[in-house]
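What follows is each chain in one-letter form.
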Amino acid sequence: MNFSNALLKLDEFELRIGLEFFLQIDVDLFYMKTCTYRDAWPRSLDEGLFCKSQLPIVRYSFQPCQKISCTLCESSSTIIQFNSYRIHHFLNGYHAILNCPVTCHTKNIIYALTCPCGEYDFIGSTSSDMSEVIESIREAGNQYMHETLISTKSSFYSHRDTNNFLHKQKELIRLYQHSTRCSKVIQLFLNVNPNYDCFIPISFDQAIVDDRNRIIEVSPINNFTDLYIQNVPVPPNGYIFSNCQQEKQRKFFEKLHITKSHDEKMFTSVDFYNVTVIAVLPENCSTLLRQVLECLFATHAETKLNMFNLRTKDTYEFYGLPFHRVWCENIIRSSSITS
Ligand SMILES: [Zn+2]
Ligand SMILES: [Zn+2]
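Here goes a summary of the coordinates provided. Because the structure is predicted, anything quoted here is derived from the model rather than measured.

### Re the overall build of the protein
The secondary structure content of the protein amounts to 13 helices and 10 strands. Contacts spanning at least 24 positions in sequence make up 73% of the contacts within the protein whose residues lie at least 6 apart.

### Some points on the sheet that holds strand β6 (residues 109-114)
Spatial strand order, β7-β6-β10: three strands in an open sheet with antiparallel pairing. Looking at the sheet topology across the chains shown, the edges are occupied by β7 (121-126) and β10 (274-280). Ignoring which end each strand starts from, the neighbouring axes of this sheet average 25 degrees apart.

### Regarding the packing of helix α4 (residues 130-150) against helix α6 (residues 173-181)
Interaxial distance between α4 and α6 falls to 9 Å at its minimum, and their mutual angle equals 50 degrees. One element, α4, and the other, α6, form an angle in the oblique class. For α4 against α6, the interelement crossing comes out right-handed. Where α4 approaches α6, its residues Ala 140, Gly 141, Tyr 144, Met 145 and Thr 148 are matched on the opposing element by Tyr 176, Ser 179 and Thr 180. The class makeup of the residues in the contact of α4 with α6 is four nonpolar, four polar and no charged.

### Side note on unusual backbone geometry
Positive phi values are uncommon outside glycine, yet Arg 38 reaches one of about 50 degrees. Its place among the elements puts Arg 38 in the loop between β1 (29-31) and β2 (62-63). Exposure remark for Arg 38: the 16 C-beta atoms within 10 Å place this residue in the partly exposed category. The phi dihedral of Asn 330 is positive, around 60 degrees, even though this residue is not glycine. Inspection of the secondary structure puts Asn 330 in the loop between α12 (315-319) and α13 (334-338).

### Here's the deal with the sheet that holds β1
Spatially, the three strands line up as an open sheet ordered β1-β4-β3, and their pairing is mixed. Here the strands that pair on one side only, and so sit at the sheet edges, are β1 and β3 (88-89). Pairing geometry for β1 and strand β4 (residues 95-97), over three bridges, is parallel. Each bridged residue has a counterpart across the sheet, and for Phe 30 the counterpart in β4 is Ala 96.

### Here's the deal with the nonpolar core
Among the nonpolar cores identified, the biggest contains 67 residues, and Ile 109, Tyr 111 and Ile 278 are the most heavily contacted of them. Sorting elements by how many residues they give to this core places helix α11 (residues 287-301) first, with seven residues. If you count residues domain by domain, this core takes at least three from each of domain 1 (3-138 + 270-319) and domain 2 (206-266). Residue contacts for Tyr 111: discarding those within four places in its chain leaves Gly 124, Met 130, Val 133, Val 275, Thr 276, Val 277 and Ile 278.

### Concerning the environment of Glu 135
Considering the arrangement of structural elements, one finds Glu 135 in helix α4. Sequence spacing of Glu 135 and Leu 72 is 63 residues, and the spatial spacing of their C-alpha atoms is 9.0 Å.

### Focus: the pairing of β6
Across the six residues of β6, six count as buried, placing the element largely inside the fold. Residues of β6 alternate between two faces, with Ile 109, Tyr 111 and Leu 113 on one and Ile 110, Ala 112 and Thr 114 on the opposite face, all of them buried. In the sheet, β6 pairs with β7 via six bridges, with the strands oriented antiparallel. Across the sheet, the residue bridging to Leu 113 is Phe 122, located in β7. What sits between the antiparallel neighbours β6 and β7 is a turn of six residues, in which Gly 118 has the positive phi angle 75 degrees.

### Some remarks on α11
Spanning 15 residues, α11 covers 21 Å between terminal C-alpha atoms, matching the ideal 21 Å at 1.5 Å per step. If you check which residues of α11 are buried, you get Leu 289, Arg 290, Val 292, Leu 293, Glu 294, Leu 296, Phe 297, Ala 298, His 300 and Ala 301. Residue Glu 302 follows α11 closely and has a positive phi angle near 45 degrees.

### Details of the environment of Val 292
In this structure, Val 292 sits in helix α11. Classification of Val 292 as buried rests on a count of 21 C-beta atoms within 10 Å. Residues Val 292 and Gly 18, 274 residues apart in the sequence, show an inter-C-alpha distance of 8.4 Å.

### Comments concerning the environment of Gln 206
Of note, Gln 206 is situated in helix α8 (residues 204-211). Residue Gln 206 is classed as partly exposed on the basis of its 16 C-beta neighbours within 10 Å. Put simply, Gln 206 and Phe 241 are 35 residues apart on the chain and 9.5 Å apart in space, counted from C-alpha to C-alpha.

### Observations concerning the pairing of β10
Of all seven residues in β10, six are buried; the element is thus mostly enclosed. Of the pairings in the sheet, the one linking β6 to β10 comprises six bridges and is antiparallel in character. Pairing of Ile 109 across the sheet is with Val 280, part of β10.

### A short note on the packing of helix α9 (residues 223-230) against helix α10 (residues 243-261)
Running from N to C, α9 and α10 point in directions that differ by 115 degrees, and their axes come no closer than 9 Å. On the basis of the axis angle, α9 is roughly perpendicular to α10. In this structure, the crossing between α9 and α10 has a hand that is right-handed. Where α9 abuts α10, its residues Phe 224, Thr 225, Tyr 228 and Ile 229 lie against Gln 249, Arg 250, Phe 253, Glu 254 and His 257. In the contact of α9 with α10, the residues fall into four nonpolar, three polar and two charged.

Definitions and limits used
Residues numbered from 1 in each chain as written. Chains lettered and ligands numbered in written order. Predicted model: local features only at pLDDT ≥ 70, side-chain atom pairs only at ≥ 80, totals over all residues. Helix = DSSP H or I, 4+ residues; strand = E, 2+ residues; numbered from the N terminus. Contact = placed C-beta atoms within 7 Å. Pairing = 2+ DSSP bridges. Axes fitted to C-alpha atoms, helices over the stretch in contact; angles between N-to-C directions. Parallel < 35°, antiparallel > 145°, perpendicular 65-115°, else oblique. Left-handed = near helix turned anticlockwise from the far one by under 90°. Nonpolar A, V, L, I, M, F, W, Y, C, P; charged D, E, K, R; others polar. Buried ≥ 20, exposed ≤ 12 C-beta atoms within 10 Å, placed from the backbone. Core = buried A, V, L, I, M, F, W, Y, C linked by C-beta atoms within 7 Å. Domains from an automatic or database assignment. Expected span 1.5 Å × (residues − 1).

Encoded structure:
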């Protein structure tokens, strides 16, 4: 995006809001003291853009909407913290203080996602609300996890090939690439879906233990499971699948074949990333202003899972791949606990 040209398209009202944000996204802290929309008000009428002597204060938080039909309020998920009056800390040390009150259904917001591994974060924005964002990321994230664990035909095996993705999805590619290769996230998925244990490669020693004392029931050879088996990702160096796991993979694919024909899923979806709303924009804010501000935040917070920021058009060159560890290390399989 060419920002200088794009910014000329903003109307006077939006330019003023953009500038108000820009001047309060400081080097190490976002603190919008002058916000006067959506039930926000300045903490002091004579303070203006620059802090007087008082320290920054957190005055707003994410409140549950408490509507009966709200899936976010109802869910037992801990990825979002309600009523927490806290400064958000990005992984590079940048801080952000929420500028307006927010609920599950506040639209036009900028949010941060932090991986439970504590090594990667992301900034996104939406014209919709947090409840919808969480749902769509959960849906896609779990589907990609399923595909990546069982097959090399998954879109994420060619890490730089972004052409298969729709424009809207492209911004989120690194987010999903990370979650499918982060052992902490894979663990969250396995805790709820132990039937995927057989796709987690293990060390040679573990494989010996796995196969010892177990009578392996060999399934009859059948062409369609062989096809699936051929596409199972090859374990990284130092890891293998035990015979027992390979037999479970066959059984998994037999079941997959049946569930597919019934249009069912093999997994229960789980939320992966922790969510924080960091800024609320005016109700009728344009997509352009929203994206410009999102990019400003991504630049200051140096979020490694964003596709670009103002410093680079190519995050791969700047930050490298969106993961850096052996994906299957230190994963606890439920089958190894019960054995
Ligand atoms: Zn709610
Ligand atoms: Zn992670």
